[in-house]
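Residue strings, one per chain:
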Amino acid sequence: MKRFVGLQGPAARALGWVGDTQSGQLHEGGEIRSVDACPGEGLLSLRLGDRLFRVEALGGHRWRVNGREVESRVLSELEHRFAGFGAGDDDDQAHRLEVPMPGRVVRVLVQPGDEVLRGQGLVIVEAMKMENELKAPRAARISAVHVREGQGVEKGTLLLEFA
Amino acid sequence: MFRKLLIANRGEIALRVIRSARELGIATVAVHSEADRGAPHVQQADEAVCLGPAPSRESYLRGERILEEARRLGVDAIHPGYGFLSENADFARACGQAGIVFVGPPAEVIEGMGSKTAARQAMLRAGVPVVPGTEAAIVDPAEAIRVAEGIGFPVMLKAAAGGGGKGMRRVEGAADFPAALEAARREALGAFADGAVYLEKYLEEPHHVEVQILADGRGNVLHVGERECSIQRRHQKVVEESPSPFISAELRQALCETAVRAARAVGYVNAGTIEFLVDGRQNFYFLEMNTRLQVEHPVTEWVSGLDLVREQLRIAAGLPLELGQADLRLRGHAIECRICAEDPLAGFLPDTGRVTRHVPPGGPGVRLDSGVEKGSEVGVHYDPLLAKLSVWAQDRPAAIERMLRALGEYRLHGLRTNLDFCRWVLEHEVFRAGRYDTGFIATHFQPERLADDLPPEALLAVETAGLLERLAGEESCSHTRRRRSTGLDCHECGQRESAWRLQHRRLT
């Protein structure tokens, strides 16, 4: 049996698998279910016991089932034991402001050295003809500004940093 | 009837117009930007012309260039769709001067209704109630603040040349006014090449109800019922339905009759829409008149059985309406969802990318007007509207169930969409009760609640799918053994091969 761990949000559960990539037995919580999977266009038609689920793979750990999108990832048991998830991530992000979508910088509302409050507007980015104001995630002092007005930006471009 | 029609638009609406033209035996000319060279609307036309680079101002908004090509190709009519040049009076006038029919009302009517301030004055003269506000565009901010204080904050700043929610800002008080005015002017200038902005009293959570008009220029003006368009985010509609579940039969009659009176008063010709705001006590106010085909016209087509584009073309060709008001029977209930490239979980920010899969829903009573297909690139230059999914059923509850069924069938992958958000709207008890207003999303939508009621078996199915994808990935990647500690992707080759692709290869 191959051992995996399914992660959905904070929840983790052990999954065991006996079979190939299309059919086999799933061991979960003391229960064994037979599984049969048929691939479709962007979709896995999955029989779990007698019930059919149409699971869409949206990429990047995103899935859709029953008309609902969920984030879920599956690791091998070993990976799960060694991986340190998320440590430091939140801290680091709160020191940087990145562009969530590609577009063009219309206004930079702050300068290095400015003290800003949580929710204060920092940069206005135009994307698809709409102006979007990016706001401070917390109170902070601006330490660096990396873009200028009129500049085109890609998704993930670092706009500014704060201390 | 016309021989050759140029469609001065892109995406789903260009395709929509091509379909009706083809049924009428009219040849079609598509225009496109360099980015849209292979777009579906181009593939479906009989002839196609490239207008220039991707930005709208260098392609779809180049009226002179479009007219030049129209003359060169012997086009006898131009359909502007919605957006772009559809409410540009100068373009309509230039078409006339070039001897080409503009499929829409006369240029003077576009001008009159296109200036929201002039439209308000015209409606006042016709005895149609309007929302209190400035009679003209704002020149002096200080003066405007005094007007706002007079009618009471909050107020709404709106682009005088506007539409589609662009150049609109709600202002809570005098302190926010200058910044909001600057932003609204900038947006208005960018979207409509006109920075004029006026203000109106902000009605607390009104209903947005609009009436479809058809006028043939021979004195026949009829209404094709109303559409309820109160499900909005960023002042843009997402879900529309007809008939409205909110208004009474008396109000329906009053709205439709007022709309016909307003259309007559301004000498309207062709298809148009009068938008009203309706408050909780069923008082109504003129909001604006859209002198073009609306995005949400399919719901009206469903309940009336009319092809509104066909009617537009017939009227533009000088033919009389075939129907009188008494012949028009509105049947059943229709709902439309605008499927957009956006992330409802991140404040509805637009998303970009390539459509990797497109499997449309089908079955009885389902219609999809899509501007994209598998492989389409969705970029930053145009509106994030990807497709319009609409359904019809004999009554409202059945239409809701049908829409939910269709949303569940629809597979549109590669970028973030609002498919699941639309599902959430249609399942919401306030929507089902038909008691929603324009505050619905702001009041009820909590992003984290989109997927909270999945049964445990469905979640287990997702994990099983993830597990199988992992297994297939391990088999396909020779570097698998070395990537133990860092998660899912292989160090050496960067990506796993997905189980889906792998299994496809085995099967085919």
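This structure is a prediction, so every number in the text was calculated from the model and none was measured. (Residues numbered from 1 in each chain as written. Chains lettered and ligands numbered in written order. Predicted model: local features only at pLDDT ≥ 70, side-chain atom pairs only at ≥ 80, totals over all residues.)

### Thoughts on the overall build of chain A
Here is step 1: For chain A, the helix and strand inventory stands at two helices and 17 strands.
Here is step 2: Burial analysis of chain A (163 residues in total) assigns 34% to the buried set. (Helix = DSSP H or I, 4+ residues; strand = E, 2+ residues; numbered from the N terminus. Buried ≥ 20, exposed ≤ 12 C-beta atoms within 10 Å, placed from the backbone.)

### Observations concerning the interface of chain B and chain A
Here is step 1: If you look at the interface, chain B gives 52 residues, while chain A gives 48 residues.
Here is step 2: Those elements that place two or more of their residues in the side of chain B that touches chain A are helix H8 (177–192), strand S16 (349–350), strand S18 (357–359), helix H12 (396–409), strand S22 (411–413), helix H13 (419–427), helix H16 (456–476) and helix H17 (499–507) of chain B.
Here is step 3: Tallying contributions element by element places H16(B) first for the side of chain B that touches chain A, with 17 residues. (Contact = placed C-beta atoms within 7 Å.)

### Here's the deal with the sheet that holds strand S2 (residues 27–33) of chain B
Residues and elements named next belong to chain B.
Here is step 1: As summarised here, the arrangement of the five strands in space is S3-S2-S1-S4-S5, forming an open sheet in which the pairing is parallel. Strand pairing shows two members of the sheet lacking a second neighbour, strand S3 (47–52) and strand S5 (101–102), which therefore form its edges.
Here is step 2: In the sheet, strand S1 (residues 4–7) pairs with S2 via four bridges, with the strands oriented parallel. Counted as the bridge partner of Lys4 is Ala27 from S2. (Pairing = 2+ DSSP bridges.)

### Some remarks on the confidence of the model for chain A
Residue and element names in this part refer to chain A.
Here is step 1: Averaged over every residue, the pLDDT of chain A is 83; residues scoring 70 or more account for 88%.
Here is step 2: Within chain A, the element-level pLDDT minimum falls on helix H2 (residues 89–93), averaging 44, and the maximum on strand S3 (residues 23–28), averaging 95.
Here is step 3: Low confidence marks residues 83–92, where pLDDT is under 50. Its contacts with residues over four positions away, or in another chain, come to three contacts. (pLDDT = per-residue confidence, 0-100.)

### Things to note about the packing of helix H1 (residues 11–23) of chain B against helix H11 (residues 308–316) of chain B
All names here are of chain B.
Here is step 1: Their axes nearest at 9 Å, the elements H1 and H11 cross at an angle of 65 degrees. Looking at the two axes, H1 sits roughly perpendicular to H11. Pair H1 / H11 crosses with right-handed handedness. Between H1, through Arg16, Val17, Ser20 and Ala21, and H11, the contact on the second element is made entirely by Val309, Arg310 and Leu313.
Here is step 2: Looking at the contact of H1 with H11 residue by residue, the class counts come to four nonpolar, one polar and two charged. (Axes fitted to C-alpha atoms, helices over the stretch in contact; angles between N-to-C directions. Parallel < 35°, antiparallel > 145°, perpendicular 65-115°, else oblique. Left-handed = near helix turned anticlockwise from the far one by under 90°. Nonpolar A, V, L, I, M, F, W, Y, C, P; charged D, E, K, R; others polar.)

### Overview of the nonpolar core
Residues and elements named next belong to chain B.
Here is step 1: By size, the foremost hydrophobic cluster in this structure holds 100 residues, and its most contacted members are Ile78, Val197, Ile213 and Ala263.
Here is step 2: Considering every element that reaches this core, the biggest residue donor is H8, with seven residues.
Here is step 3: Those residues in contact with Ile78 that lie beyond four places of it in its chain are Leu6, Ala8, Ala70, Cys95, Ile100, Phe102 and Val103.
Here is step 4: Core analysis: the next-biggest nonpolar cluster, separate from the first, contains 39 residues, Ile335, Met403, Ala406 and Leu419 among them. (Core = buried A, V, L, I, M, F, W, Y, C linked by C-beta atoms within 7 Å.)

### Concerning the sheet that holds strand S6 (residues 155–159) of chain B
Residue and element names in this part refer to chain B.
Here is step 1: Taking strand neighbours across the sheet as the criterion, the three strands line up as S7-S6-S8 in an open arrangement whose pairing is antiparallel. Sheet topology places strand S7 (169–171) and strand S8 (197–201) at the edges, where each strand pairs with a single neighbour. Across the sheet, the axes of successive neighbouring strands diverge by a mean angle of 30 degrees, strand direction being ignored.
Here is step 2: Strands in contact with helix H7 (residues 141–151) are S6 and S8; relative to S8, the strand with the most contacts, it is inclined by about 15 degrees.

### Looking at the environment of B:Ser370
All names here are of chain B.
Here is step 1: For Ser370, the position within the fold is in strand S19 (residues 366–370).
Here is step 2: Here Ser370 falls in the buried class, since 21 other C-beta atoms lie within 10 Å of it.
Here is step 3: Between the alpha carbons of Ser370 and Ala136 there is a distance of 39 Å; along the sequence they are 234 residues apart.
Here is step 4: Residues contacting Ser370, with those up to four places away along its chain left out, are Glu12, Pro360, Leu386 and Ala387.

### Focus: H12(B)
Residues and elements named next belong to chain B.
Here is step 1: Here H12 contains 14 residues, and its C-alpha end-to-end distance of 20 Å stays within 8% of the 20 Å for a straight helix at 1.5 Å per residue.
Here is step 2: Every buried residue belonging to H12 is among Ala399, Ile400, Arg402, Met403, Ala406 and Leu407, and all of these are buried. Projection of H12 onto a plane perpendicular to its axis shows the buried side chains occupying an angular sector of 165 degrees, all on one side.
Here is step 3: Against strand S14 (333–340), S19, strand S21 (385–393), H13 and helix H14 (429–432) lie the buried residues of H12. (Expected span 1.5 Å × (residues − 1). Arc of directions from axis to C-beta.)

### Digging into the pairing of strand S17 (residues 158–162) of chain A
Residues and elements named next belong to chain A.
Here is step 1: Sheet topology note: the strand S10 (residues 96–98)/S17 ladder contains three bridges and is antiparallel. The residue of S17 that forms the bridge with Glu98 is Leu158.
Here is step 2: Examined bridge by bridge, strand S15 (residues 140–145) and S17 share three bridges and lie antiparallel to one another. Counterpart to Ile142 in the pairing with S17 is Phe162.

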